[in-house]
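Below are the chains, spelled out letter by letter.
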Amino acid sequence: ADKKLVVGFSQIGSESGWRAAETKTAKAEADKRGIDLKISDAQQKQENQIKAVRSFVAQGVDAIFIAPVVATGWDSVLKEAKEAKIPVVLLDRQIETKDQSLYMTAVTSDTVHEGRVAGEWLAKQTGGKCAVVELQGTVGSSPAINRKKGFDEIVAKNPGMKIVRTQSGDFTRAKGKEVMESFIKAENGGKGICAVYAHNDDMAVGAIQAIKEAGLKPGKDILVVSIDGVPDIFKAMSEGEANATVELTPNMAGPAYDALIAFKKDGKAPPKWIQTESALFTPDTAKAEYERRKDAY
Amino acid sequence: MTGALQRFLPLIVTTAVLVVGFLICATQFPNFASWRVVANLLTDNAFLGITAVGMTFVILSGGIDLSVGAVIGFTTVLLAVLIEHGGWHPVPAFAVALIAAGGFGAAMGGVIHVFQMPPFIVTLAGMFIARGLGFVLTTDSVPINHPLYGELNDMALRFDFGLKLSLPALLMLGVVVAAVVLAHWTRFGANLYALGGNRQSAELMGVPVGRTTVAVYGLSGLLAGLAGIVFSLYTGAGYSLAATGVELDTITAVVIGGTQLTGGYGYVVGTFVGVLIQGLIQTYITFDGTLSSWWTKIAIGVLLFVFILLQKGLLVVWAGRGGEPAEA
Amino acid sequence: MTASTAPPSASSSGPLLAIRGLSKAFLGVQALDGVDFTLRHGEIHALLGENGAGKSTLIKTLTGVYLRDGGTVALEGREIAPRGVEEAQRLHIGTVYQEVNLLPNLSVAENLFLGRQPMRWGLVDRGAMRRRARAVLQPYGLSIDVTAPLGRFSVATQQIVAIARAVDMSAKVLILDEPTASLDAQEVAVLFKVMRTLRSRGIGIVFVTHFLDQVYEVCDSITVLRNGRLVGERRTADLPRLDLVAMMLGRELEAAAHRIDLGPAEVDSRPPLASFKGFGKSRSVEPFDLDIRPGEVVALAGLLGSGRTETVRLVFGMDRADRGEATVDGQAVRLKGPRDAVRLGFGFCPEDRKKEGIVGELSVRENIILALQARQGWLKPIPRHRQEEIADRFIRLLDIRTPDAERPIQLLSGGNQQKALLARWLATEPRLLILDEPTRGIDVGAHAEIIRLIERLCADGMALLVVSSELEEIVAYSRRVVVLRDRRHVAELRGGEVSVERIVAAIASETPNAIASETPVTAGSGAEVRQ
Amino acid sequence: MTLSAPGPARNLPQYGALFAVLLANWLLFPDFFAIRLQDGRLFGSLIDVLNRGAPVALLAIGMTMVIATRGVDLSVGAVMAISGAIAATMTGAGWSLPAVLAASLAAGLLCGLWNGLLVAVLRIQPIIATLILMVAGRGIAQLVTEGQIVTFTSPALAFIGSGSFLTVPMPVVLTIVVLAVTALLVRATALGLMIEAVGINRLSSAGAGVNTPVVLVAVYVWCGLCAAVAGLIVTADIRGADANNAGLWLELDAILAVVVGGTSLLGGRFGLVLSVVGALIIQSMNTGILLSGFKPEFNLIVKAGVLLVVLLLQSPTLTLFLPRPKGARPIGTVKPPVAPTSGGAKP
Ligand SMILES: Nc1ncnc2c1ncn2[C@@H]1O[C@H](COP(=O)(O)OP(=O)(O)OP(=O)(O)O)[C@@H](O)[C@H]1O
Ligand SMILES: Nc1ncnc2c1ncn2[C@@H]1O[C@H](COP(=O)(O)OP(=O)(O)OP(=O)(O)O)[C@@H](O)[C@H]1O
Ligand SMILES: [Mg+2]
Ligand SMILES: [Mg+2]
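Let us look at the structure shown here. Since this is a predicted model, take the numbers as computed values, not measurements. (Residues numbered from 1 in each chain as written. Chains lettered and ligands numbered in written order. Predicted model: local features only at pLDDT ≥ 70, side-chain atom pairs only at ≥ 80, totals over all residues. Heavy atoms only, no water.)

Comments concerning the coordination of the magnesium ion (ligand 3)
All names here are of chain C.
Turning to step 1, where the next piece is worked out: Ser56 (OG) and Gln98 (OE1) make up the full set of protein donors to the magnesium ion (ligand 3), lying at 1.9 to 2.1 Å. Taken together, the residues Ser56 in helix α1 (residues 55-62) and Gln98 in the loop between β6 (93-96) and α3 (108-113) connect sequence positions 42 residues apart.
Turning to step 2, where the next piece is worked out: When its relative accessible area of 13% is taken as the criterion, Gln98 is described as buried. (Donors = N, O, S within 2.8 Å, 3.2 Å for Na, K, Ca; no water. Helix = DSSP H or I, 4+ residues; strand = E, 2+ residues; numbered from the N terminus. Buried < 20%, exposed > 50% of the residue type's maximum accessible area, 1.4 Å probe, protein only.)

What follows is the structure, encoded as structure tokens:
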């Protein structure tokens, strides 16, 4: 390509450290490949994302990346992109649509699977007997729904496992801590809790603090398992305060660029789904993983 | 300066600000000055515009309605549930949604009047309730696949010179026109301004305060419901978290449009322009495309400030006085 | 100025309006206690009483603003109990409430026709509304731009618009609560003409005022209230003035307002306390010169809209002058705002007490000490017991009728609010006190007391700058009168020259009917506007 | 100028509501009032209510005075994020605690000053004036943290969030201190009177010589400071600055607390203690929901329902039915009862 590729990226926002890392990686990966990346930040609103996509179409970019805030509601705007012959790549979340031709490919993990991986680990660790408290993500958000769904599947398979309390911690540390505090009080000073499952690491970090302040030992008295794999949870694991995390890589854009470049070069359509790995990490590798990650974030 | 110019000055200034802003953008970005961008501005902001019209009425009457975003979200969920889960045809579903939204607004108006509670709080509670009801219906985002949705989405008015007005855009323009008539050529409109001017005096002049209060919140709810329908067309789905924070966007649009938050002064058309100014700010930021999440926020804040300052400044320069009536 | 529906049948013999045993209590105050009141067809009936006697409450209870505690009201023999102003209006009772209760943000025409706009094809016919608005105002000699927002006009103009609205709506009963408080003689005459016309059509008019001359000029009968109770009803002709005052006050009023001896004429030779040279503001008041000496009362006279209010607002710094200079004690000063003026020892009671004077929800005590406290700064709070002392002293001195000093001032009757505002400034012991329509809404007893107070303060060296539409009052206490016309100082009368005739002559010398051309300052030409 | 408006009857709805909500919590969760000592620090659900309620209570203290001037400050949540971001970042960079605290508080002060100037000098309507900082402020906070959750390990700063003083958690101690200082500031001076006067009638107050711009700027500055303290607490509590989420939507909770506390959004009379009580009502409700085990989908509805009941109890219309001397509502008064006299007269 002689001309620089121009990619418009409609990002959700920067609601978490993971999200900021995804944006940062997208920029870095674009620089590596000499791609001109235009980022539009939707401040968590779908309508802003749709506006951004339409704006990208009006600008005439070469490709559009979307990290969709919700799974639904993309058909008509994607149709517009398609009419303008601009390929679309979905990052980190899938969408629901009848017409799969509306986008070129999706680079995502499987959030339901993440919940499953976390659940399986816990089931194995506790021999299928465990009273779990769950810290949900923001009510109604798709990762919250899916990570719950995946985990629930495993719970259903293990009669000895039970979710004794579940509440929303809004994906934040502060709420995670507050909710965990009340869980501990509601479950007999934490004695009734075998493990906490948090839909993201931030809430888990908050929960760990709550457990400590209640005079219990996180990671021992109460097991901690969560999802995302941000540096801080690796740090907690290396200190023995958390037990497992399921990684969600922030490098979604890299594979997307590669697919795009290949497509532009010889028109080779990539597979519809480029799945990223949902690897489980445990304390044994935590220290090394922390060192490896702390700069990407 | 003639009386007319004097009275419409805020409106003229706001419009001038929009035009100047557009011209500045057009010189910065090659593809900006196109009918497509104009059409996008209208379509993308249709639901916001419709909601903002309702908000304008509420604010003119001296109140505020924080529930509109939640009502939009609830409406989309209700539609999705009725159409997809309940197998309804969209048209009766629309009717039910409008009635529900209007009724909800009217109920808030009733509480505000009967119990003499501040609108800010009642509608804040209304916001919680509407969002909560949405969650209770379903927390999932539900796609709406009815064929009518596709047809409605394809409907558009095309002009020879290249402008394509989508159904949402047309609906918004229609609502704005109807609202102008309602505000200035009906007794209800006059009562609204009266209420916002001074509730006590309005009561002493025989304005039916209760009825008007209920009606204006009902209207705001109804328009939020209509905006919800537009939103569900726009996204083809129902989602309980849709349109979060829209209340603040609409209030901002109303105020940028020159309406006084204390009530009694302002124009519907101003709000329309205010919505477009906000859309313009967003389009500018997207076209620029280099701003990180935080710089986006800072830029929105700064641009908002600049627009308000520009407005105040122009008013002072043109009218030779401090933009009176300054807020109370 | 046509009544909108059929006039009442003149044949009905019973009273038009019969109020029996009306009662209304507010927390701590029995505002009305079994009051009877009878209004006959084609009668102008004065409702009189001291400040706080219950006149306004009677009216508001009658028209359904307040829910009554007891008693009956019959209109043409049929019992009525309106539950709101709207209902009272449907019963053809038109009312002008005490404070101007119109909407400043609506145009004059919209104010006149709010709730009864002329309609065409289901929509408001704005053209017809404008035309009718002009017609309705025409008898009052008011040819203003009816599309301009009402708030742009002076209080007096607003008052006339309120009257016009009520008159136009009252096919049976017209109630006027102190409508003349800020009108000058000429408008009062116009109003009386209108009232007489209505009377001749069989309409009954309730008229509240504190001007006894006006009572004797137009009223047929008089009902007097005192402390919420009925004192009695008389035919005007049968009630000599002194007896009326005694009925109102419950005591004799010692020696009515007299010509105050303001001391020797060399007052003029004292160095001025404050002096203004070429002071003015573009689009507001033409530059003027004004000297005010300690111990003297300078009055500003003129028709409404002549710029009196604007002159005193400039002097107090409420509006900022853009030309000329001010000196106090021979020192050049800058008046950037009221704070500067307060620091110089000025005080100012504004014309619109509701909007610019009282702080409604604060107590009478807090309202009284507010200016004093503001001058001391927030770091030096006046101790509570001092506040109470000050408040109590002025409540007694000015006879402010309130159950206690802790009552929110907005619950006081209009006249008592005015007195509390006066107290606010007297508490600061000002060197120059500016009063814009100070006796507006104040009853005869208090009126005399206030004038006596003014006299005493001036003897102590305080200077006064007074705007008043009551020429008798001006003549009574002032030795120097500045006459304004069209926002310009046109004449100054001194000492022996001060008399009602001379003032009227000066006012009228050029344009006899100034109000006819009153236009909002900022709207310039009164061009027709479509909204 | 009263700390809480006169008349014991006026405070009844607030204290009553707090009592009722606490009682409901106790019914849902019998151990609610159980308190024990844990690592030299009081521990229990009731303590959680106080501790978690502290940030909103602090915001409410500042917000009360802003609202008393007839304004509102939407930016407090963003200011919390800024002060927290600065604290965490500076601590991470090795600054000493006093320097960190000074910088964070200074940031709050500057934000307040900015708001105050927009409102008092440029005369921009408060909602919009503070909306600017609400939007941009969070951006500024993220700029400081570069979008990351900046964590720190300094026990000195963490002490503010999770330490204790005489067994009382630090956030509670700080709230009490700020409340006391604020009360002193407005009650021992004439500031309270001026704030109320400006809020009720700005024109009249200015005419009486009150320095309205200074009063306005002062309340916004104070509000900014309170928000900065709240931001410090939240950051210290989770040992990290979460610029995107710290204080998110807390401005609404703070406004709610003030209104539940009985201060009218139309300005005028205010009660600081009652606003704190309002914050505690909201927090006990939140804690109650967490303890109850309701599905999170119902959180909002439960919250709205309880709120409406609490507010209805204060409604002038409903107080009509309480036994009390006959009173009259001054016509058209929409404010919640400012004085025990406003009873309401219409059927
Ligand atoms: N809304 C109210 N709430 C409580 N008290 C009131 C209210 N309105 C009037 N009052 C009290 O009722 C009494 C009668 O007041 P009212 O306004 O009727 O007097 P008025 O005769 O019209 O006096 P003025 O000549 O000063 O206008 C006064 O003591 C006043 O303080
Ligand atoms: N703040 C203002 N804004 C616009 N116009 C004003 C303002 N104040 C006064 N005016 C107008 O200025 C003119 C002069 O009014 P002013 O009040 O000074 O007259 P006045 O002699 O005191 O008469 P009045 O008896 O009516 O008070 C009036 O036409 C009035 O409408
Ligand atoms: Mg009266
Ligand atoms: Mg005047």
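Quick word on helix α9 (residues 187-197) of chain B
Turning to step 1, where the next piece is worked out: Buried residues dominate α9(B), accounting for 8 of its 11 residues.
Turning to step 2, where the next piece is worked out: Buried residues along α9(B) sit against α3 (46-60), α8 (167-185), α10 (199-204) and α11 (209-235) of chain B. (Contact = heavy atoms within 4.5 Å.)

Focus on the nonpolar core
Turning to step 1, where the next piece is worked out: If you look at the biggest cluster of nonpolar residues, it comprises 381 residues, and the most contacted ones within it are Leu91(A), Phe276(C), Ile368(C) and Leu465(C).
Turning to step 2, where the next piece is worked out: Here this core gets 17 residues from one element, more than from any other, and that element is helix α10 (residues 212-238) of chain D.
Turning to step 3, where the next piece is worked out: Beyond its immediate chain neighbours, meaning those up to four positions away, Leu91(A) contacts Phe9(A), Glu22(A), Phe65(A), Ile66(A), Ala67(A), Pro68(A), Val107(A), Thr108(A), Met252(A), Ala253(A) and Ala256(A). (Core = buried A, V, L, I, M, F, W, Y, C linked by side-chain atoms within 4.5 Å.)

Thoughts on the coordination of the magnesium ion (ligand 4)
Residues and elements named next belong to chain C.
Turning to step 1, where the next piece is worked out: Around the magnesium ion (ligand 4), the donor atoms from the protein are Thr309 (OG1) and Glu351 (OE), and they sit 1.8 to 2.5 Å away. Separated by 42 residues along the polypeptide, Thr309 in helix α9 (residues 308-316) and Glu351 in the loop between β18 (346-349) and α11 (353-357) bring together distant segments of the chain.
Turning to step 2, where the next piece is worked out: A residue is classified by how much of its surface remains accessible, and Thr309, at 22% relative accessible area, is partly exposed.

Things to note about the interface of chain A and chain B
Turning to step 1, where the next piece is worked out: Contacts between chain A and chain B engage 37 residues on the former and 40 residues on the latter.
Turning to step 2, where the next piece is worked out: Roughly 3,100 Å² is buried in total at the junction of chain A and chain B, and carbon and sulfur atoms are behind 48% of that figure.
Turning to step 3, where the next piece is worked out: When the buried surface of chain A facing chain B is broken down by residue, Glu47(A), Lys51(A) and Arg54(A) rank first, second and third, together holding 18% of it.
Turning to step 4, where the next piece is worked out: Taken together, chain A and chain B are joined by 3 salt bridges.
Turning to step 5, where the next piece is worked out: Arg36(B) is paired through a salt bridge with Glu80(A); the nearest N and O atoms lie 3.7 Å apart. (Buried area = accessible area lost by both parts, 1.4 Å probe. Salt bridge = Lys/Arg side-chain N within 4 Å of Asp/Glu carboxyl O.)

A short note on the arrangement of the chains
Turning to step 1, where the next piece is worked out: Most contacts, compared over the 5 pairs of chains touching, are made between chains B and D.
Turning to step 2, where the next piece is worked out: Contact between chain A and chain C is absent, and the minimum C-alpha spacing across the pair is 35 Å.

Focus: the site of ligand 1
Residue and element names in this part refer to chain C.
Turning to step 1, where the next piece is worked out: Close contacts around ligand 1 come from 21 residues, with Lys55, Ser56, Thr57, Gln98 and Ser413 the closest.
Turning to step 2, where the next piece is worked out: A distance of 2.8 Å separates an oxygen atom of ligand 1 from a polar atom in the side chain of Lys55.
Turning to step 3, where the next piece is worked out: Within the contact set of ligand 1, an oxygen atom lies 2.8 Å away from a side-chain nitrogen or oxygen of Gln98.
Turning to step 4, where the next piece is worked out: When residues of the shell around ligand 1 are traced back to their parent elements, those giving at least two are β2 (29-39), α1 and α14 (414-426).
Turning to step 5, where the next piece is worked out: For the shell around ligand 1, the leading source of residues is α1, giving 3 residues.
Turning to step 6, where the next piece is worked out: Of the residues assigned to the shell around ligand 1, the class counts are 7 nonpolar, 10 polar and 4 charged.
Turning to step 7, where the next piece is worked out: A domain-level breakdown of the shell around ligand 1 finds at least three residues from each of domain 1 (17-92 + 170-249) and domain 3 (274-528). (Near = heavy atom within 4 Å. Polar contact = N/O pair within 3.5 Å; in protein donor to acceptor, adjacent residues only side chain to side chain. Nonpolar A, V, L, I, M, F, W, Y, C, P; charged D, E, K, R; others polar. Domains from an automatic or database assignment.)

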